Amino acid sequence: MLDPLFRKAMQDFRGQVLGWGLGMGAMLALTVALFPSVAELYGEFFDELPDAWAGFIGEGDFSTIEGFLSVEFFSYAQVAFAVFAILAGGALIVGEETNGTMDLLLSQPVTRLRVAVTKLTAFTVSLVLIVGITALGFAIPAILIGEASSLGRFANAFLLLLPFEMMVALAAAMLAQLFASRLAGGTILAGILVASYMLDALSGVSQVLVDMRPIYLTSYFQGVEALNGDVSWVYLGVSLIAVGVLAIANVVFFIRRDIAVGGVLHLPKLRLLHRS
């Protein structure tokens, strides 16, 4: 029998699992179904692009499903899923406080450790379900168009979404706790993510930006590299370590802090200038 707290947490994620999983899966299925008819056209188009534009958009062999989807899906998939990760991660713990239900929850015979671990577990299961549903959006049409031999590499690419999105979600949860605001934490992390994505994309046209890749958050998603058989175990190892550290930090901080006094960090307030 499922733990009631875990069942409630999963019910809270039900709409997001179906919405994100089916939405991303349907979009991916349509992209895969179009591959046989547009691959050659795309290849000719990208061959005519200037090197600067090709480096920004991304390079790929459009005659293969791996090269096609590395540009048409996986080049932005980590950012798309990160929207869910930031929203859900920011509300993971602070959401109960914002809604005024945390005191009621903690008045029940449950410990803070159990609450934190249960919520983290429910989010992890929900993320796995979303990625799994999306992966079906690739697998089914890929089999139908005769690309079943690619399933193994794409399975690795989808699996590598999990540690990256977990890292993003746990970072959002930690920032939300520090500021006692999911809006503040999500805004900061979203800014970092977008800046990283843009600089990472521009690294195709600048060696200086290539050298700075270790500081880009998006560099730690290795899904595109998995399709090319060139996964960086250093980046993957760092992301896995970050997931472990952030998970422990979130639990410990939630157990030790007084939820009644707000966050530890405070953003400066902007003062409006009034004309006398």
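Residues numbered from 1 in each chain as written. Predicted model: local features only at pLDDT ≥ 70, side-chain atom pairs only at ≥ 80, totals over all residues. Heavy atoms only, no water.

## With respect to the environment of G137
At step 1: As for its position among the elements, G137 is in helix 7 (residues 112-144).
At step 2: A residue is classified by how much of its surface remains accessible, and G137, at 9% relative accessible area, is buried.
At step 3: Taking the C-alpha atoms as reference points, G137 and G23, separated by 114 residues in sequence, lie 9.5 Å from one another.
At step 4: In this structure, G137 is in contact with G25, L28 and A29, ignoring residues within four places of it in sequence. (Helix = DSSP H or I, 4+ residues; strand = E, 2+ residues; numbered from the N terminus. Buried < 20%, exposed > 50% of the residue type's maximum accessible area, 1.4 Å probe, protein only. Contact = heavy atoms within 4.5 Å.)

## Things to note about the pattern of salt bridges
At step 1: Enumeration according to the criterion identifies five salt bridges in this entry.
At step 2: For R114, the salt bridge identified is with D3, shortest N-O distance 2.4 Å. Placement of the pair is R114 in helix 7 and D3 in the segment before helix 1 (4-47), with a sequence separation of 111 residues.
At step 3: The class for R114 is partly exposed, based on a relative accessible area of 32%.
At step 4: D3 gets classed as partly exposed once you look at its relative accessible area, which sits at 28%. (Salt bridge = Lys/Arg side-chain N within 4 Å of Asp/Glu carboxyl O.)

## Here we look at the environment of A142
At step 1: Among the structural elements, A142 can be located in helix 7.
At step 2: What makes A142 buried here is its relative accessible area of 0%.
At step 3: Counting along the chain gives 77 residues from A142 to I65, while the straight-line C-alpha distance between them is 8.9 Å.

## Structural notes on the layout of surface pockets
At step 1: One number sums up the size of the second largest pocket: a volume of about 280 Å³.
At step 2: Of all elements in the fold, only helix 1, helix 4 (74-91) and helix 5 (94-98) reach the threshold of two or more residues within the lining of the second largest pocket.
At step 3: Considering every element that reaches the lining of the second largest pocket, the biggest residue donor is helix 1, with five residues. (1 Å grid on protein atoms, 1.4 Å probe; cavity = no way out; pocket = protein on both sides within 12 Å on 5 of 7 lines; lining within 4 Å. Points joined across faces, edges and corners; volume = space filled by probe spheres on them.)

## So, the confidence of the model for the protein
Close reading of the predicted structure is inappropriate where its pLDDT is low.
At step 1: With 86% of its residues at a pLDDT of at least 70, the protein reaches an overall mean of 85.
At step 2: Mean pLDDT values over the elements of the protein span from 52, in helix 2 (residues 51-57), up to 95, in helix 7.
At step 3: Considering only residues more than four positions removed or in separate chains, one finds that residues 272-276, a stretch of pLDDT under 50, has zero contacts. (pLDDT = per-residue confidence, 0-100.)

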